[in-house]
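Architecture and fold: a report
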Amino acid sequence: MEVPFADLTAQYNAIREEIDAAIGDVIAETAFIGGRDNRFVSEFEARFSEFVGVRHCIGCANGTDALEILLKALEIGPGHEVIVPAHSWISTAEAVSAVGARPVFVDSRPGVYTIDPAGIDQRVTPRTRAIIPVHLYGLPADMDPILEVAHRHGLLVVEDSAQAHGATYKGRRVGTMGIAAAFSFYPGKNLGAYGDAGAMLTNDASIARRARMIANHGQEKKHDHLLEGRNSRLDGLQAAVLTVKLRHLDRWTEHRRGHAARYEEALSGLRLDLPLVPAGSTHVYHLFVVATDAREELRNAMRSAGVATAIHYPRALPMLPPYLAAGCRAEDYPTATRDSRRILSLPMYPEMTNPMIDHVAAIARRLLGPNGTA
Ligand SMILES: *Cc1c(COP(=O)(O)O)cnc(C)c1O
């Protein structure tokens, strides 16, 4: 049985009529760009800010830009440091460097892959301005101790919510807990566009105004350039697709949770670490990540049986060339380094079927069960 890692075609087929109609409307109106005056963009911004529960939503070109523009809007730049997790997609650190500040890495919390709040304090210096926790794989970072450290040192918290649309922490949605939040709508994300797209969310009107200006050449009104910005707009086609898909997101998340529960039952008792969900958090399973010392054997067995897997991510950020060159050392990030050698992402997407999950689990059981060969 072939089990793809994700299947965007299956998703499109299930909502084809709605998507095609929405795309047709944008083209008929030639509403391609147009920022705030574009009804497709403004409708998506309104719907998504409602979904997250935050007053202002500003669409932009992608999630990496969302992080970078928010840091700019918060006046973080040269001479500043920003705390980021050692284990994330590179965008989290890249955005910090892109504004001229320095990313300072903190190791992961054992067992959950998100930033270890206990490691933040010792990395704070007089130059530190912000913390960017990442709600990795769909699980919220442990926000209360992060917010406590931030408060104690007067640091801003920007939530990298690119992988966790709709996840909650102690009843609060991700994206509502910091001063601002960045979301990505990269096609493979839980809410994905048909190209690149992203959004910035905040309850602060002046940050929202600055972020919107920066994303659109520093103009408040056409040709009224109050500062130098850039071109990072959410376009009409992507916004229309996202508005359609947002209507289905909660249902898709329920499917992901159902698949996760089936995986967990089928994989329990193996020599395999399953995703932990701390009390008070809800997970949206952007990825279903397991961990084992026999990662390569498991990956090969999956491949031979037609199952696609992936590694998110094979190297902790401090171990990538740009950060090694800046003096980062593996021994400072023991958990992230160990995790990067053991993790494997199993197929996870709403349209998966039970036989697919059972097939994947059976392969793992043969290898890592009581009589397993690895
Ligand atoms: C996807 C992602 C981003 C960046 O989003 P893009 O839209 O691809 O630029 C940022 N942070 C994390 C954790 C991500 O997974």
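The rules behind these values
Residues numbered from 1 in each chain as written. Predicted model: local features only at pLDDT ≥ 70, side-chain atom pairs only at ≥ 80, totals over all residues. Heavy atoms only, no water. Helix = DSSP H or I, 4+ residues; strand = E, 2+ residues; numbered from the N terminus. Polar contact = N/O pair within 3.5 Å; in protein donor to acceptor, adjacent residues only side chain to side chain. Contact = heavy atoms within 4.5 Å. Expected span 1.5 Å × (residues − 1). Bend = angle between axes of the 7 residues up to and from the residue. 1 Å grid on protein atoms, 1.4 Å probe; cavity = no way out; pocket = protein on both sides within 12 Å on 5 of 7 lines; lining within 4 Å. Points joined across faces, edges and corners; volume = space filled by probe spheres on them. Nonpolar A, V, L, I, M, F, W, Y, C, P; charged D, E, K, R; others polar. Pairing = 2+ DSSP bridges. Axes fitted to C-alpha atoms, helices over the stretch in contact; angles between N-to-C directions. Salt bridge = Lys/Arg side-chain N within 4 Å of Asp/Glu carboxyl O. Buried < 20%, exposed > 50% of the residue type's maximum accessible area, 1.4 Å probe, protein only. Parallel < 35°, antiparallel > 145°, perpendicular 65-115°, else oblique. Left-handed = near helix turned anticlockwise from the far one by under 90°. Arc of directions from axis to C-beta.

1. Quick notes on the side chain of Ser184
As for its position among the elements, Ser184 is in strand 8 (residues 180-184). In terms of polar contacts, Ser184 uses its side chain to reach the side chain of Lys189, at 3.5 Å. Excluding anything up to four places from it in sequence, Ser184 contacts Gly63, Ala162, His165, Lys189, Leu191, Ala197 and Gly198.

2. So, helix 1 (residues 8-28)
The first and last C-alpha atoms of helix 1 sit only 25 Å apart over 21 residues, clearly below the 30 Å expected at 1.5 Å per residue. Of all the bends in helix 1, the greatest, near 80°, is centred on Ile15. Capping of helix 1 at its N-terminal end is provided by Asp7; its side-chain oxygen lies 3.2 Å from the backbone amide nitrogen of Thr9. With its phi angle positive at about 40°, Thr30 sits one or two positions after the end of helix 1.

3. A look at empty space enclosed by the protein
Overall, the coordinates contain one cavity of 30 Å³ or more when judged by the stated rule. Taken as a whole, the largest cavity holds about 70 Å³ of empty space. Taken together, 13 residues form the lining of the largest cavity, with Tyr113, Tyr137, Pro275, Leu276 and His283 sitting closest to its centre. Residues that form the lining of the largest cavity fall into these classes: eleven nonpolar, two polar and no charged.

4. Description of the sheet that holds strand 8
Within the open sheet, the seven strands sit side by side as 1-9-8-5-4-2-3. Their pairing is mixed. Sheet topology places strand 1 (56-60) and strand 3 (102-106) at the edges, where each strand pairs with a single neighbour. Strand-to-strand twist across the sheet, computed as the mean angle between neighbouring axes with direction ignored, equals 25°. For strand 1 and strand 9 (residues 198-202), the ladder comprises five bridges, and the chain directions are antiparallel. Looking across to strand 9, one finds that Ile58 is bridged to Met200. Sheet strands in contact with helix 5 (residues 143-153) are strand 4 (128-131) and strand 5 (156-160), and its direction is about 150° off that of strand 5.

5. Quick word on the pattern of salt bridges
Summed over all chains, the structure comprises 23 salt bridges. For Lys170, the salt bridge identified is with Asp144, shortest N-O distance 3.0 Å. Of this pair, Lys170 sits in the loop between strand 6 (168-169) and strand 7 (172-173) while Asp144 sits in helix 5, and the two are 26 residues apart along the sequence. Overall, the relative accessible area of 48% leaves Lys170 in the partly exposed class.

6. Some details on the packing of helix 7 (residues 236-267) against helix 11 (residues 354-368)
Contact pair helix 7 / helix 11: the axes reach a minimum separation of 9 Å and the direction vectors enclose 30°. The angle between helix 7 and helix 11 falls in the class roughly parallel. When you trace helix 7 past helix 11, the crossing you get is right-handed. Of helix 11, the residues touching helix 7 (which contributes His259, Arg262, Tyr263, Ala266 and Leu267) are Asn354, Ile357, Asp358, Val360, Ala361, Ala364 and Arg365.

7. Thoughts on helix 2 (residues 39-52)
For an α-helix, 3.6 residues make a turn, and residues three or four places apart therefore share a direction. An ideal rise of 1.5 Å per residue puts 20 Å on 14 residues; helix 2 measures up with 20 Å between its terminal C-alpha atoms. Of all the positions in helix 2, only Phe40, Val41, Phe44, Glu45, Phe48, Ser49, Phe51 and Val52 are classed as buried. Down the axis of helix 2, the smallest arc covering the buried residues is 155°, so these residues share one side. For helix 2, the N-terminal cap is Asn38; the gap from its side-chain oxygen to the backbone nitrogen of Phe40 is 2.8 Å.

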